[in-house]
Structures are given as C-alpha cells and as structure tokens.
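Reading the structure
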There are 2 protein chains.
Amino acid sequence: MSSESEGPTRPQGGRTRIQERNRAAILEAGLAVFSAAGFSGATLDRIAKEARLSKPNLLYYFPSKEAVHLALLENLLDAWLAPLRALDPEGDPVEEVLLYVRRKLDLSRDFPRESRLFANEVLRGAPHLSDLLGGELKRLVDEKAAVLERWMEDGRLARVPARHLVFSIWALTQHYADFDTQVRAVLGDGHDPFAEAGDYLETLFRRLLRP
Amino acid sequence: MSSESEGPTRPQGGRTRIQERNRAAILEAGLAVFSAAGFSGATLDRIAKEARLSKPNLLYYFPSKEAVHLALLENLLDAWLAPLRALDPEGDPVEEVLLYVRRKLDLSRDFPRESRLFANEVLRGAPHLSDLLGGELKRLVDEKAAVLERWMEDGRLARVPARHLVFSIWALTQHYADFDTQVRAVLGDGHDPFAEAGDYLETLFRRLLRP
DNA sequence: TCTTGATTTGACCAGGCGGTCAAAGCCACG
DNA sequence: CGTGGCTTTGACCGCCTGGTCAAATCAAGA
C-alpha cells in the first residue's frame, strides 16, 4: 500500500502503526455492526466495544459514525466491481460470463457482511452511493454491456438484454448472501447452499446463453 | 372480514369505524416509514405524523413500535405467498412457473414498499419471521417443490433443483423492487425496468425449463 | 531524564427516542 | 341535557444516542 517504508514509527505522509491498526480494527468492527444492524441500528458504543476501543478514542480516528460507514462503502466498491472488471472481451463468451457468476458467488460466500452492508445501503435508496451508481458503476456496466452485445451480434452468446443479464447475475448471487437466513430456513439441514447454488447457476446461465 | 354488520358504530366483537380507519392509517404510514428507513431508522413521531395522529394517539391503537412492525409483516405474508400458493399442479408446467414469475414480478412493481420491508427484515436475520420461515414458508415450498419435481420426473420440465428454482424466482423478482435505485441508475433514462424485466425473465425461465 | 506530540479516557451534554399518564374533548345514546 | 365510554392530547420521563472536551497517559527522541 505505502511507497515509503522508512521512518521508525511514522512513514512520512502516511500513518502510524498504531493508527493503521486501530483504523483497521474500527473498520472491521464497523462492518460487523453495520451489516448486522443497519446504519441506524448500529451505535458507536457497540462499534467501539467490538473494536476494543473507547468511544472517544474511536472518534479520534474517524470524525463521525457516518465517516466510518462511508469508509466501509468506499473500501467495498473496488472488491465488489472487480469480477465484472475482469470480464475479458478476448475470452470465450459463455465461459467468461460463467466465470463472472462464479466469482460473484464466491464474494457472496466469503464476504456476506460486505454484501449485506451494500444491500442495506441500496435498500435505503443509496444516499451515499448515488453518485457512484450513476457514474462509475454505470460506466463500467455500459462498457461490459457493449462487450456482451458484440458477442451476441457475433452469434457467440444468445441474444438477451445485456444490462438485465448483469442484473440477474447480481440478483442471483447476492440473494444467497443477503437472504441467507431464508435460504437456510427453507432448505433445512444437510444442505450446502453455496455449493448447490454454484451448480444451479451454472446450469441456468449455460441454458440461457448457449447460442 | 366481519360476519356481523349490525350495530351503528360498533360491529360487536369487531372494531369501531374510527378504529378501523386509524389502524389502517397507522399501518399505511408505518409501511411508508419502515420500508424507507428500516426498523431502527423509523421513529414513532414520524409514523404518527405521516398518519396525521399524535404519538400518544398512535400508541392508543398499537401498544408499541414493534407491534406496528409486526402487524405489517403479518399482513404482508399472505399476499406475498399467494402467487406460490396459486401454482397449479394440474396446469401446464412451464406456463405455471412463468405465471408465478409474472405474478411475483407484479408484486414487486405494485408493492415495492412491502418488498423492501420484507427484505429489511430478512437482512437483519428475520428476528420476527424466523418461525414462519422455518414453518409455514418451508412447508409451502416443500409442497410446491414436490409438484415441480414430479413435473421434472415426467419430463415436462427440465431437471433443476426445485428449491433453488424457487429461490431464483424470488431473487430475480425482488431485485427489481429492492434495488430499484441501482437498476434505474445503471439503465439511465428512457427505460421501463419492470416491462423489460418481464420479457427478460420470461426468456430466461423458458430457456431454463424447456424440457 | 525531560520534553513533545500522539493517544486514550472519564465525565459530560444536548437532543431525540419509545413510552406513560392524567386530563380533556368528543359523540352517541337515554 | 347529561352521562359514560371511546378518543385525543400536552406534558412529561428515563434512557440512549452521537459527539465534545479537558485532562491524563504513553512512547520515543534528545
């Protein structure tokens, strides 16, 4: 992350080791609390306790509750969009889409708290993300939709509305993280939701996209 | 609802007209506020104001904030499960599933607040719904999954994991209500998300389920 | 050791929260 | 007109919230 590794306690222009550690602890705690309780349901006391800090100490590192929340959302976005960014225009169309599905499902399995944080935010109307949704995200989707549409024109992918194809990938993969409670309640014991979902979604998108 | 229609102001055993009206206004206001702000973000003052009642007056009709929330969830469930209940074992397999998809998507379009209320609750781990999810809902899904599996065995429906098929219908239709902000941000102007979704989902499930 | 700045904290505050209560208003009936 | 119960409300309460602040503690270089 840092280009400068000198300075015993303080890489100049960067952060102290202590700052690094405490900010990380706060973000980790914030992720746990925000994703479980939503923005309004989360309290600074709870986050501070989870991070093993006092509340004023937490506020020494972040100026407000909202700042913690915002930092989390910003951190999130890169990881969240990476799988779509990785969609390779030079690859095999169906396999590229399936790879995207697989990567997105892995995110849901491995980072369910991040998924819920994001879902909570969009559910509330995305007060913090609105610029990103209409800006960076839209641009990325436009770009990749163009790739998908080219594949469709070349007859290498079945013709479907490209942006809705992307939506359906988001919907299906997020569902297993965000509605985990419901999924497990309905399936009952003796199931591995994510493993089953992986197979099912592969089937689904293969049948949908086979030219 | 009431079997007795006599009694000028009070159908015996039932509710006064005033009670009927005010309870309805509170539930309507509660739906608006809870779905927009989540449980913790909603305040009694806001709900009361929306319902044009004073806060103590609201609490005259419902004993607590939680009671309003609970009443809303209970009201919701019947309407929410109706489309699945309507899946007809005697009908044409593919058309029955498509009809279910269509009905569920209509719910998302016409009752987005209910959809978000539900999503919010499940996201939080469904503290209120947990019995229903593991009970009534599970039973209904089990029953309909059996129908779907029979159709698959008879070769009238492509073979897929029945419960995950149901999940995918939930995920895809709810998405257009719960992530409406994101969908519209990405699509930009000049789109009718629900109309496009209707066509796309029909294609998707037809290709998936065609035997 | 002393000094200096980074770090940590207990005490505190104003505002908003869910909820209570006693009193007032209202309305249909006798 | 009066009465009794349904309905409404202003005032209030204790608690929790996000956030402040001055003082204490700590770490490390000189």
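The name an unreviewed UniProt entry gives chain A is TetR family transcriptional regulator, with Rubellimicrobium roseum as the organism.

This paragraph deals with the side chain of K104 of chain A. With respect to the element layout, K104 of chain A can be found in helix α5 (residues 93-110). The contacts of K104 of chain A, once residues within four sequence positions are left out, are W80, W170, T173 and Q174 of chain A.

Often, the extent of an interface is quoted as the loss of accessible area on bringing the components together. Across the boundary between the two partners, chain B contributes 51 residues, which contact 51 residues of chain A. Summed over both partners, the interface of chain B with chain A buries about 4,300 Å², with 71% contributed by carbon and sulfur atoms. When the buried area of chain B at its contact with chain A is split by residue, L123, V186 and Y200 of chain B rank highest and sum to 17% of it. At the boundary of chain B and chain A, one finds 0 salt bridges. Summed over the shared surface of chain B and chain A, the result is 8 residue pairs in polar contact (both at pLDDT 80 or more). Examining the composition of the side of chain B that touches chain A, we find that 12 residues originate from one element, helix α8 (residues 162-178) of chain B, more than from any other. When its residues are assigned to classes, the side of chain B that touches chain A shows 29 nonpolar, 13 polar and 9 charged.

Residues and elements named next belong to chain A. In total, this model carries 30 salt bridges over all chains according to the counting rule given. Between R102 and D106 there is a salt bridge, with the nearest N and O atoms lying 3.5 Å from each other. With R102 and D106 both in helix α5, this residue pair falls 4 residues apart, about one helical turn. A relative accessible area of 35% means that R102 is categorised as partly exposed. Taking the relative accessible area as the measure of exposure, D106 reaches 21% and is therefore partly exposed. Among the salt bridges present, the one from R109 reaches D110, with a minimum N-O distance of 3.0 Å.

Cut-off values and rules
- The residue numbering used here restarts from 1 in each chain and proceeds along that chain's sequence as written.
- Chains and ligands are labelled sequentially in the order written, the chains with letters from A and the ligands with numbers from 1.
- Two thresholds apply to this predicted model, a pLDDT of at least 70 for residue-level local features and 80 or more for giving and counting side-chain atom pairs, whereas whole-chain, interface and lining totals are computed over all residues.
- Think of the side-chain values as coming from all heavy atoms in the structure, minus any hydrogens and water.
- Each helix is a run of DSSP H or I of at least 4 residues and each strand a run of E of at least 2, with the numbering of both proceeding from the N terminus.
- Here a residue-residue contact requires only that any non-hydrogen atoms of the pair lie within 4.5 Å.
- Note: buried area is the sum, over both parts, of the accessible area (probe 1.4 Å) each one loses when the two are combined.
- The salt bridge definition used is simple: a Lys or Arg side-chain nitrogen within 4 Å of an Asp or Glu carboxyl oxygen.
- Between N or O atoms, a polar contact is any pair within 3.5 Å; within protein, one atom must be a potential hydrogen donor and the other a potential acceptor, and residues adjacent in sequence are included only when both atoms are from side chains.
- Put simply, Ala, Val, Leu, Ile, Met, Phe, Trp, Tyr, Cys and Pro go in the nonpolar bin, Asp, Glu, Lys and Arg in the charged bin, and everything else, Gly too, in the polar bin.
- To sort residues, take the accessible area from a 1.4 Å probe on protein chains only and compare it with the maximum for the residue type: under 20% means buried, over 50% means exposed, and anything in between is partly exposed.

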